[in-house]
Amino acid sequence: MNTKPHYIQFSKIGSSELGYISIAEAEQNVPFPIKRVYWTYYTPQDVVRGGHAHKALEQVIFAVSGTITFNTEDKDGNRETFVLDHPSKGLYIPKLIWRDIHFTHSAVLLCLASEHYTEDDYFRDFNDFKNYMND
Ligand code: TYD
């Protein structure tokens, strides 16, 4: 069971002459069945997105363009910073991780998600997240 956020390095096929391809495959290098894909773009540099955690959702996230920085915190108060600065670098985020997200100019975030969207899966209040009794 994955309980900590961590990088997943995806292979790069290609060359500097021809360009590159990276491949994500459900239940192979992505550790769950993918039910949803979304992407965000045109986020101004001074905007902080995120500000939430999920009850069940697992995600693998890429910066397909630009650089995206995640500040994460688990329910025990363990904080980490992850910098997605290459299109082949993924970030796995398990359930129950609070995150703030910062974008460079023209960064594009691509998310592979383990569940369909439901607002019921979100903690949007940090104290609700910290007080939640898991299991
Ligand atoms: P949110 O997850 O809060 O975005 P971020 O983490 O990038 O700040 O989602 C922003 C809005 O989009 C919010 O109103 C919910 C809506 N939304 C959907 O309707 N479906 C989805 O799959 C996602 C990810 C968001």
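Reading the values: rules and limits
Residues numbered from 1 in each chain as written. Predicted model: local features only at pLDDT ≥ 70, side-chain atom pairs only at ≥ 80, totals over all residues. Heavy atoms only, no water. Salt bridge = Lys/Arg side-chain N within 4 Å of Asp/Glu carboxyl O. Helix = DSSP H or I, 4+ residues; strand = E, 2+ residues; numbered from the N terminus. Buried < 20%, exposed > 50% of the residue type's maximum accessible area, 1.4 Å probe, protein only. Core = buried A, V, L, I, M, F, W, Y, C linked by side-chain atoms within 4.5 Å. Contact = heavy atoms within 4.5 Å. Phe/Tyr/Trp six-rings, centres within 6.5 Å; stacked < 30°, edge-to-face > 60°. 1 Å grid on protein atoms, 1.4 Å probe; cavity = no way out; pocket = protein on both sides within 12 Å on 5 of 7 lines; lining within 4 Å. Points joined across faces, edges and corners; volume = space filled by probe spheres on them. Nonpolar A, V, L, I, M, F, W, Y, C, P; charged D, E, K, R; others polar.

Q: Which parts of the structure should I look at to understand the pattern of salt bridges?
A: Opposite charge on two side chains permits them to pair, given that their charged atoms come into close proximity. One pass over the full model with this rule turns up five salt bridges. Note that lysine 35 and glutamate 115 form a salt bridge whose closest N and O atoms lie 3.5 Å from each other. Of the two residues, lysine 35 is situated in the loop between β3 (19–21) and β4 (36–40) and glutamate 115 in the loop between β11 (108–113) and β12 (122–123); the sequence distance between them amounts to 80 residues. Assessed through its relative accessible area of 44%, lysine 35 is described here as partly exposed. Judged by its relative accessible area of 29%, glutamate 115 is partly exposed. Lysine 89 is the salt-bridge partner of aspartate 85, the closest N and O atoms lying 3.2 Å from each other. Among the residues examined, lysine 89 registers a relative accessible area of 17% and is labelled buried. Salt bridges here are not isolated pairs; linked through shared partners, they connect Glu73, Arg79 and Lys130.

Q: Teacher, can you tell me more about the nonpolar core here?
A: The biggest cluster of nonpolar side chains holds 16 residues, and the ones touching the most others in it are Ile61, Ile68, Phe70 and Leu109. Residues contacting phenylalanine 70, with those up to four places away along its chain left out, are Ile61, Glu80, Thr81, Phe82, Leu84, Leu91, Ile93, Arg99, Asp100, Ile101 and Leu109. Counting eight residues, the second largest nonpolar core, distinct from the first, contains Phe10, Val30, Phe32 and Leu112.

Q: Hey, could you run me through the packing of aromatic side chains in this one?
A: Centre distance and the angle of the planes are the two values used to describe a pair of aromatic rings. In this structure the tally under the stated criterion is 10 aromatic pairs. Both rings, one in tryptophan 98 and one in phenylalanine 126, keep their centres 5.1 Å apart while their planes meet at 85°; by these two values the pair is edge-to-face. Residue tryptophan 98 is located in strand β10 (residues 97–103), and its partner phenylalanine 126 is located in helix α1 (residues 126–131); the two are separated by 28 residues in the primary sequence. On the basis of relative accessibility, which here comes to 28%, the residue phenylalanine 126 falls in the partly exposed class. When the ring of phenylalanine 123 is compared with that of phenylalanine 129, the centres are 5.9 Å apart and the planes differ by 55°; the resulting orientation is tilted. Judged on exposure class, the residue phenylalanine 123 and its partner phenylalanine 129 are both buried. Cluster of aromatic residues (ring-pair linked, three or more members): Trp98, Phe123, Phe126, Phe129 and Tyr132.

Q: Is there a simple way to explain empty space enclosed by the protein in this structure?
A: Vacant regions in the atomic arrangement are exposed by a probe of water-molecule size rolled over the atoms. Tallied over the entire structure, the rule returns one cavity of 30 Å³ or more. Considered as a void within the structure, the largest cavity measures approximately 40 Å³ in volume. Lining the largest cavity are Arg36, His54, Leu57, Glu115, His116, Tyr117, Thr118, Asp121 and Tyr122. Residue composition of the lining of the largest cavity, grouped by class: three nonpolar, three polar and three charged.

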